Amino acid sequence: MKGRYKLILSSKNLYKEIELSPDILELRVGTSLECTVRLRKELFFSPIELNLQKTDDGWQLLCSDNIYFTVGDVRKLLTKKLVHGDELFIKYQDSDNDVFSLSFVIDFEYENKDYDIEIDIKGQSQVKIGGSDGQIRFTDQFLGNDSMVLSIVNGRAVIHDNQSKYGVFVNGAKINKSAEIKDFDFFSIVGFSFYYRSGKLYTSSDSTMKINGLNSRKVEIHSTHFKYPKFNRNSRVQYVIPEENLEIQQAVQKPSKPKKSIVMSLIPSIVMLAMTIVLRGIIGGGSSF
């Protein structure tokens, strides 16, 4: 996860996640043909471009002359050093209308997680999860004292964001204060992820996790608790380039028209000539008679 970030571009007509792996030194996002990540030009009033450059201590963002960005105040910025949790608003220079919002966050979800810890929350009306006092606690520099609360009333489970700095996500989407979750839904706060099923929470082993007042156990990896194809977490497609040699099939030969011999071509003409001679003979013989 170290050094891995992602950009999230969002508007009424656009949602795009862009991964920034450690080996990328520069990335251009916009509508021109030269951009590394192309955006549909019909979604914008004029051509736009954002340029991200890798520096020794992070990422630097620059934008084209016809747009600027703000961080929620009156300043019009053309360049900024990005840090985890930045929320920027891209706007047009001439009209001050919104282009889209941009989020810059650590890619917490890049690491594979096995969800091998089962936590029984049956009988609990609410479960507090985070860095402050609660039933499930973590120690993390990004989490700090932030937390989320899972409340269960009449069998209905709802996750609440306690005004955390970087937000709470359900199935990969950031929630606004609260959201209902159902069986097999995933929710997370700064990379600490859980999924809910039948009154139990499943999460991955973490050396900083402390569980207070709840029964928990380690689930064997081979005894999977997923029931496929039910799986609600937002998928990320990872492409693998095949290494085996590809077999090239022999192309089918294009059928050719059958060739006609000269004799066959002349048969209609010969028949017509013979019929003409016969008819003339008949007509000539009738006249002499």
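Just so it is clear, the structure is predicted and the values come from calculations on it, not from any experiment. (Residues numbered from 1 in each chain as written. Predicted model: local features only at pLDDT ≥ 70, side-chain atom pairs only at ≥ 80, totals over all residues. Heavy atoms only, no water.)

Quick look at the overall build of the protein
Then, in step 1: Per the secondary structure count, the protein includes 1 helix and 23 strands.
Then, in step 2: Looking at the protein as a whole, 37% of its 289 residues are labelled buried.
Then, in step 3: Intrachain contacts of the protein at a sequence separation of at least 6 include 45% that bridge at least 24 residues.
Then, in step 4: Accessible surface computed for the protein: about 19,200 Å², of which carbon and sulfur atoms make up 53%. (Helix = DSSP H or I, 4+ residues; strand = E, 2+ residues; numbered from the N terminus. Buried < 20%, exposed > 50% of the residue type's maximum accessible area, 1.4 Å probe, protein only. Contact = heavy atoms within 4.5 Å. Areas by Shrake-Rupley, 256 points an atom, 1.4 Å probe, with all protein chains shown as cover.)

Some points on the packing of aromatic side chains
Each aromatic ring pair is specified by the distance between its two centres and by the angle formed by the two planes.
Then, in step 1: Enumeration over the complete set of coordinates arrives at 12 aromatic pairs.
Then, in step 2: Considering the side-chain rings of Phe 142 and Tyr 166, the 6.5 Å spacing of their centres and the 65° angle between planes classify their relative orientation as edge-to-face. Of the two residues, Phe 142 sits in the loop between strand 13 (136-137) and strand 14 (147-153) while Tyr 166 sits in the loop between strand 15 (156-161) and strand 16 (168-170), which places them 24 residues apart along the sequence.
Then, in step 3: Since its relative accessible area comes to 24%, Phe 142 is described here as partly exposed.
Then, in step 4: Exposure remark for Tyr 166: the relative accessible area of 13% places this residue in the buried category.
Then, in step 5: Ring geometry for Phe 187 versus Phe 194: centroids 5.6 Å apart, planes at 15°, classification stacked.
Then, in step 6: One aromatic cluster is present, built from ring pairs that chain together Tyr 115, Phe 184, Phe 186, Tyr 195 and Tyr 202. (Phe/Tyr/Trp six-rings, centres within 6.5 Å; stacked < 30°, edge-to-face > 60°.)

Focus on the pattern of salt bridges
Opposite charge on two side chains allows them to pair when their charged atoms are near.
Then, in step 1: Inspection of every chain in the model, using the stated rule, returns 15 salt bridges.
Then, in step 2: A salt bridge links Glu 118 to Arg 217, with the nearest nitrogen and oxygen atoms 2.8 Å apart. With Glu 118 in strand 11 (residues 117-120) and Arg 217 in strand 23 (residues 215-218), this residue pair connects regions lying 99 residues apart in the sequence.
Then, in step 3: According to the relative accessible area criterion, Arg 217 is partly exposed, its value standing at 48%.
Then, in step 4: The shortest N-O distance in the salt bridge between Asp 133 and Arg 137 comes to 3.8 Å.
Then, in step 5: Judged by relative accessible area, which is 33%, Arg 137 ranks as partly exposed.
Then, in step 6: Connected via shared salt-bridge partners are Glu 118, Lys 200 and Arg 217. (Salt bridge = Lys/Arg side-chain N within 4 Å of Asp/Glu carboxyl O.)

Notes on a nonpolar patch on the surface
Then, in step 1: A cluster of nonpolar side chains, contributed by Met 264, Ile 267, Val 271, Met 272 and Met 275, occupies part of the molecular surface with about 480 Å² of accessible area.
Then, in step 2: Residue position: Val 271 is located in helix 1 (residues 262-288). (Patch = residues over 30% accessible without salt bridge, like charges linked within 9 Å, V, L, I, M, F, W, Y side chains within 5 Å.)

As for the sheet that holds strand 4 (residues 37-38)
Then, in step 1: Overall, mixed pairing links the 5 strands, which are arranged 4-3-5-6-8 in an open sheet. Looking at strand neighbours, the two that pair on one side only are strand 4 and strand 8 (79-82), the edges of this open sheet.
Then, in step 2: Relative to strand 6 (residues 58-63), strand 5 (residues 49-55) is paired through 6 bridges, and the arrangement is antiparallel. Note on strand 6: the bridge partner recorded for Lys 54 is Trp 59. (Pairing = 2+ DSSP bridges.)

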